[in-house]
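Reading the structure
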Amino acid sequence: MNIRFGYPYPAGALSNLARHSFLMQGVPCASMEGLLQSLKTSDVNTQIELCTKTGHVARRAGAGIPWYDTQTLWWRGVEYSRTGDEYQTLLDEAYESLYTQSDSAKEALLTTKDVKLVHTVGKTKLCETILTRQEFCSRLMRIRRDLQVADLIS
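Bear in mind the structure is a predicted one, so any value in this text is a computation, not a measurement. Along every chain, residues carry numbers that run from 1 in the direction the sequence is written. Per-residue local features are limited, in this predicted model, to residues with pLDDT of at least 70; the limit for side-chain atom pairs, both in listing and counting, is 80 or more; totals at the level of whole chains, interfaces and linings are taken over all residues. Neither water nor hydrogens contribute to the side-chain values; these are computed over all heavy atoms in the structure.

Description of helix H6 (residues 133-153)
The end-to-end C-alpha distance of H6, which contains 21 residues, comes to 30 Å, matching closely the 30 Å that a straight helix rising 1.5 Å per residue would cover. Accessible area is worked out with a 1.4 Å probe on protein chains only. A residue is then buried under 20% of its type maximum, exposed over 50%, and partly exposed in between. For the purposes of this entry, the term helix denotes a DSSP run of H or I that reaches at least four residues, the term strand denotes a run of E that reaches at least two, and both are numbered from the N terminus. Listed in full, the buried residues belonging to H6 are Glu135, Phe136, Cys137, Arg139, Leu140, Ile143, Arg144 and Leu147. Where H6 is buried, its residues contact helix H4 (85-101) and helix H5 (103-111). Residue count minus one, scaled by 1.5 Å, sets the expected span of a helix. Contacts are assigned to residue pairs that have any heavy atoms within 4.5 Å of one another.

Here is the structure:
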């Protein structure tokens, strides 16, 4: 299943641009895209503002923030190397927060059953994007598996 904003359910609902509210370390987020775009700036107040955005508005709001040259991202005053393990841990926490706190996101993900998830519009090189296709889809499939196991146990 190709995940893309505007595609029929559940593919469109799995897009980072989709509106799904959750908290990331106490910061209210309206979409994963808002949170991801916020990682490009070191200014905490700007991060909080970006986290309130969804869809293409969120994407455009972060598009002009330079981070490529330093390959550095930030969350709540902490600096992260784009290629570092700590950044991957932060992404894990963000996606786990989304899919455990938002019933609409969780339902969309579980609706996909065991279908392979792909994202053909995403980039593949770490240095060109804050989230590669592989980082995105592998997280969703791992979280889906974990949610399926949790549902079986309960």
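Quick word on the side chain of Gln71
Structurally, the position occupied by Gln71 is in the loop between helix H3 (55-63) and strand E3 (72-75). Classification of Gln71 as buried rests on a relative accessible area of 18%. Here a polar contact is taken to be a pair of N or O atoms separated by no more than 3.5 Å, where protein atoms must pair a possible hydrogen donor with a possible acceptor and residues adjacent in sequence count only if both atoms sit in side chains. There is a polar contact of 3.0 Å between the side chain of Gln71 and the backbone oxygen of Cys127. Setting aside residues up to four positions removed in sequence, Gln71 forms contacts with Tyr80, Ser81, Arg82, Leu126 and Cys127.

A short note on the packing of aromatic side chains
Only centres within 6.5 Å qualify two rings of Phe, Tyr or Trp (six-membered ring in Trp) as a pair; their planes then separate them into stacked at under 30 degrees, edge-to-face at over 60, and tilted for everything else. Inspection of the entire model under this criterion finds 2 aromatic pairs. Their ring planes at 50 degrees and their centres at 6.1 Å tell us that Tyr95 and Phe136 sit as a pair that is tilted. Here Tyr95, found in helix H4, pairs with Phe136, found in helix H6; they are 41 residues apart in sequence, far enough to count as distant.

Looking at H4
Between its first and last C-alpha atoms H4 spans 24 Å; for 17 residues at 1.5 Å apiece the expected length is 24 Å, and the two agree. Lining the buried residues of H4 we find strand E1 (22-24), helix H1 (32-38), E3, strand E4 (78-81), H5 and H6.

What about the environment of Gln25?
If you trace the backbone, Gln25 turns up in the loop between E1 and strand E2 (27-29). Along the backbone, Gln25 and Glu93 are 68 residues apart, and their C-alpha atoms lie at a distance of 8.9 Å. Contact partners of Gln25, with chain neighbours within four places excluded, come to Trp75, Arg76, Leu90 and Glu93.

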